[in-house]
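Residues per chain, in single letters:
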Amino acid sequence: MSDFDRRKFLKSTGAVAALGGLGVFGLGTNRHAFAQSDAATDQPEVIQKTIPSTGETIPAVGLGSWITFNVGNDIELRKQCADVMSAFFRSGGRMIDSSPMYGSAQDVIGYGLDALGAHNKVFSTDKVWTSGDGASQIKETSERWKVQQFDLLQVHNLLGINENLPLLFRMKDAGQLRYVGVTTSHGRRTEDLIAVMKNERLDFVQVTYNPVDRKVEDYLLPLAYDRGIAVIINRPFRGGSLPERLKGEPLPEFARELGVKSWAQLILKYLISHPAVTCPIPATTKPAHAMENMAAATGALPDEKMREQIAAVIGVLV
Amino acid sequence: MSEWWDYGLADLLLFSPRVYYRLFEIMNTTWWLVVVSALVAGVIASGLALRHGFRGNRVILVLLALVWAWCGYGFLWQYYRPINWAIPYLLPGFALQVVLFAIFAARPLPLRFGWRGDFSSYVGLTLVAFALIAFPFVGLIEGRDLLQAELFGSAADPTALGTLGFVLLSRGTWRWALLPVPLLWCVISAGTLWVMDQQVAFVMLVAVWVTVFCGWLDLKNGVTTKRLTEAEIKDPAS
């Protein structure tokens, strides 16, 4: 963390947690300030995070579609996915993320948005994943989602970035896209991503982060914070293996202070309490889990000391 | 900066076992008559292939061409393709296999099915029997519903596995041409099943290994290189 003032960064971490604990989101002075959702709406009070490049806020937990929404033409399973989306929206969620790599997931999201009439609720997030014609892939992606314009498009795993990133910037400049991002996963190609973050005006990056995979804490997250890049977190549960491994283990005593009811919620609170993190995107096949995940974006958040405790406990148990 | 070889096998598998096995349930219940017919075709073909002599050779090849065509269109294209982006790249292999069976059926090429009683024949019999009889029940052992049974002639894994057995039950210089596609499918499927933590992955790999071993054994023993006599071709029952 040589390029950054680590003390200042960690101090802001504590400040974020304190704000969460006191329930006074939105009063922070940094550009990553939290805000509480409009009480006048029928949505639960969900912690909002700020997208640094515009100041727009989005709910602090999103919905991934990796594996879980790739159900093909199976109508029964498509309806189950729509139920998950319904529970997600009803709990105050907005960001849904997908990729052309995820098989039928984009079609299934489009099906769900149609079934729920939720095109105006979603913060649509997808990717371009090709070393060929990115523009035609994006067109196909739009047709699958049945949306005219995406909120965010990302270069998936930096594939074809020399062609695809300029394409996304051109779309943004032309008003066809609101935000531009780049993704990686599993901690790979972090150095390449950092180089892109330093040299391009990215709105978002997407990386793998959870209490076990913490490499991004050292440099990438502080860099994102410093450069005003919003951060989406993929694999928050390590593809579901973390809650599976922790099943049956009692929650630590200190978790009571946070009001969490599950390991999944504890992990999500760990993630969203990081000041550089904008939105983890856990995937699920169960509406109840979607609601449980969204509930993690309410109430108190852990401070830096408790974050370390969470990582330590989970590190020992898994 | 990023290239395709950066991806691991687990990165490219983007569906869950729950969704994968639902494919068979939907296909079995929607197309049950075709699925049963394809299985019966496999049983008839195996009965013909296990007889002494070479009678019914053409019928076996036609039946195998039909089940591969149905498996490619019915299972791969209709059901598997929407959840697996790699299927369009594998479908030409299935089409090639159908064409090969059709060519062998249409022309008097030196390829004949029949029981020889050697080691490869027993291995071939085991593979065919496993694909036709045992494979549908593998799911039961792993706790799945019988409606999700993978049946020869419709599901790709038992069809490829059984085809390896049929090839081992044949003789002739051109039989190797029928091996690459089912062998390749078994290897790919083994990888897929392994990533999904399915024990049956090992069966697919063992099938590949024994087929290659028996192919080598037969080559050494002259089963594949020994040309059929004019008498054998003229009198399939001999």
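Predicted model only: the values in this text are computed from it and were never measured.

As for the overall build of chain A
Point 1. Helices and strands together make up the secondary structure of chain A, namely twelve helices and ten strands.
Point 2. Looking at the 318 residues of chain A, the share that counts as buried comes to 58%.
Point 3. Considering only contacts within chain A whose residues lie at least 6 apart along the sequence, 74% involve residues at least 24 apart.

Quick notes on the packing of aromatic side chains
The geometry of an aromatic ring pair comes down to the distance between the two centres and the angle between the two planes.
Point 1. According to the stated counting rule, one finds 28 aromatic pairs over all chains in the structure shown.
Point 2. Relative to phenylalanine 213 of chain B, the ring of tryptophan 209 of chain B has its centre 5.5 Å away and its plane inclined at 0 degrees; by these criteria the two rings are stacked. Of the two residues, tryptophan 209 of chain B and phenylalanine 213 of chain B both sit in helix H9 (residues 201–221), four residues apart, roughly one turn of that helix.
Point 3. By relative accessible area, which is 57% here, tryptophan 209 of chain B ends up exposed.
Point 4. Overall, the relative accessible area of 32% leaves phenylalanine 213 of chain B in the partly exposed class.
Point 5. Geometry around phenylalanine 169 of chain A places arginine 201 of chain A over its ring, the cationic atom sitting 5.5 Å from the centre.
Point 6. One cation-aromatic arrangement involves arginine 81 of chain B over tryptophan 77 of chain B; the distance from NZ or CZ to the ring centre is 3.9 Å.

A short note on the side chain of glutamate 56 of chain A
All names here are of chain A.
Point 1. Along the chain, glutamate 56 turns up in the loop between strand S2 (47–50) and strand S3 (57–59).
Point 2. Under the relative-accessibility criterion, glutamate 56 is labelled buried at 19%.
Point 3. There is a polar contact of 2.4 Å between the side chain of glutamate 56 and the side chain of arginine 178.
Point 4. Engagement of the side chain of glutamate 56 in a polar contact is seen with the side chain of tyrosine 179, the distance being 2.4 Å.
Point 5. Apart from the residues within four sequence positions on either side, glutamate 56 is in contact with Lys49, Thr50, Ile51, Arg94, Phe123, Arg178 and Tyr179.

A closer look at helix H3 (residues 32–49) of chain B
Residues and elements named next belong to chain B.
Point 1. Its 18 residues give H3 an end-to-end C-alpha distance of 25 Å, which sits within 8% of 26 Å, the value for a rise of 1.5 Å per residue.
Point 2. Looking at H3, one finds that the buried residues are Val35, Ala38, Ala41, Gly42, Ala45, Ser46, Leu48 and Ala49. Each buried residue of H3 lies within a common arc of 160 degrees when the element is viewed along its axis, so the set occupies one face. For H3, the exposed residues lying more than 90 degrees away from the buried face are Trp32 and Leu33.

Re a nonpolar patch on the surface
Point 1. A contiguous nonpolar patch, built from Trp31, Trp32, Leu33, Val34, Val36, Val40, Ile44 and Val59 of chain B and spanning about 720 Å² of accessible area, is present on the exposed surface.
Point 2. Considering the arrangement of structural elements, one finds valine 40 of chain B in helix H3.

Some words on the UniProt feature "transmembrane region" (unreviewed entry) in chain B
Point 1. When the UniProt feature table is mapped to this numbering, "transmembrane region" (unreviewed entry) covers residues 30–50, 59–80, 86–107, 119–139, 151–169, 176–195 and 201–219 of chain B.
Point 2. Each end of residues 59–80 of chain B is marked by a C-alpha atom, and these two atoms are 29 Å apart; helix forms 100% of the span and strand 0%.

Some remarks on the sheet that holds strand S4 (residues 95–97) of chain A
Residue and element names in this part refer to chain A.
Point 1. Sheet architecture is open: seven strands sit in the order S4-S5-S6-S7-S8-S9-S10, paired in parallel fashion. Edge positions in the sheet fall to S4 and strand S10 (279–280), since each of these pairs with one other strand and no more.
Point 2. Relative to strand S5 (residues 123–128), S4 is paired through three bridges, and the arrangement is parallel. Note on S5: the bridge partner recorded for methionine 95 is phenylalanine 123.
Point 3. Running over the sheet, helix H4 (residues 134–145) touches S4, S5 and strand S6 (150–155) and is turned about 145 degrees from S5.

A closer look at the state of the cysteines
Point 1. Taken as a whole and judged by the stated rule, the model has zero disulfides over all chains.
Point 2. Cysteine 81 of chain A takes part in no disulfide bond, and the closest cysteine sulfur to it belongs to cysteine 279 of chain A, at a distance of 19 Å.

Focus on helix H6 (residues 119–141) of chain B
Residue and element names in this part refer to chain B.
Point 1. The sharpest bend along H6 comes to roughly 55 degrees, located at alanine 134, with the proline proline 136 sitting one to four residues further on.
Point 2. All of the buried residues along H6 are Ser120, Ser121, Val123, Gly124, Leu127, Val128, Ala131, Leu132, Phe135, Pro136, Val138 and Gly139.
Point 3. Remark: glycine 143 follows H6 within two positions and exhibits a positive phi of approximately 90 degrees.

Details of the pairing of S5 of chain A
Residue and element names in this part refer to chain A.
Point 1. Within S5, six of the six residues are buried, which leaves the element mostly enclosed by the surrounding structure.
Point 2. Of the two faces of S5, the one lined by Phe123, Thr125 and Lys127 and the one lined by Ser124, Asp126 and Val128 are each fully buried.
Point 3. Taken together, S4, helix H3 (residues 105–116) and S5 form a β-α-β motif whose crossover is right-handed.
Point 4. The β-α-β motif built from S5, the intervening H4 and the parallel element S6 has right-handed crossover chirality.

Here is what the cut-offs are and how they apply
Residues numbered from 1 in each chain as written. Chains lettered and ligands numbered in written order. Predicted model: local features only at pLDDT ≥ 70, side-chain atom pairs only at ≥ 80, totals over all residues. Heavy atoms only, no water. Helix = DSSP H or I, 4+ residues; strand = E, 2+ residues; numbered from the N terminus. Buried < 20%, exposed > 50% of the residue type's maximum accessible area, 1.4 Å probe, protein only. Contact = heavy atoms within 4.5 Å. Phe/Tyr/Trp six-rings, centres within 6.5 Å; stacked < 30°, edge-to-face > 60°. Lys NZ or Arg CZ within 6 Å of the ring centre and 35° of its normal. Polar contact = N/O pair within 3.5 Å; in protein donor to acceptor, adjacent residues only side chain to side chain. Expected span 1.5 Å × (residues − 1). Arc of directions from axis to C-beta. Patch = residues over 30% accessible without salt bridge, like charges linked within 9 Å, V, L, I, M, F, W, Y side chains within 5 Å. Areas by Shrake-Rupley, 256 points an atom, 1.4 Å probe, with all protein chains shown as cover. Salt bridge = Lys/Arg side-chain N within 4 Å of Asp/Glu carboxyl O. UniProt positions renumbered as here; feature names shortened; annotations may be inferred. Pairing = 2+ DSSP bridges. Axes fitted to C-alpha atoms, helices over the stretch in contact; angles between N-to-C directions. Disulfide = S-S within 2.5 Å. Bend = angle between axes of the 7 residues up to and from the residue. Right-handed = clockwise from strand over helix to strand, strands pointing away.

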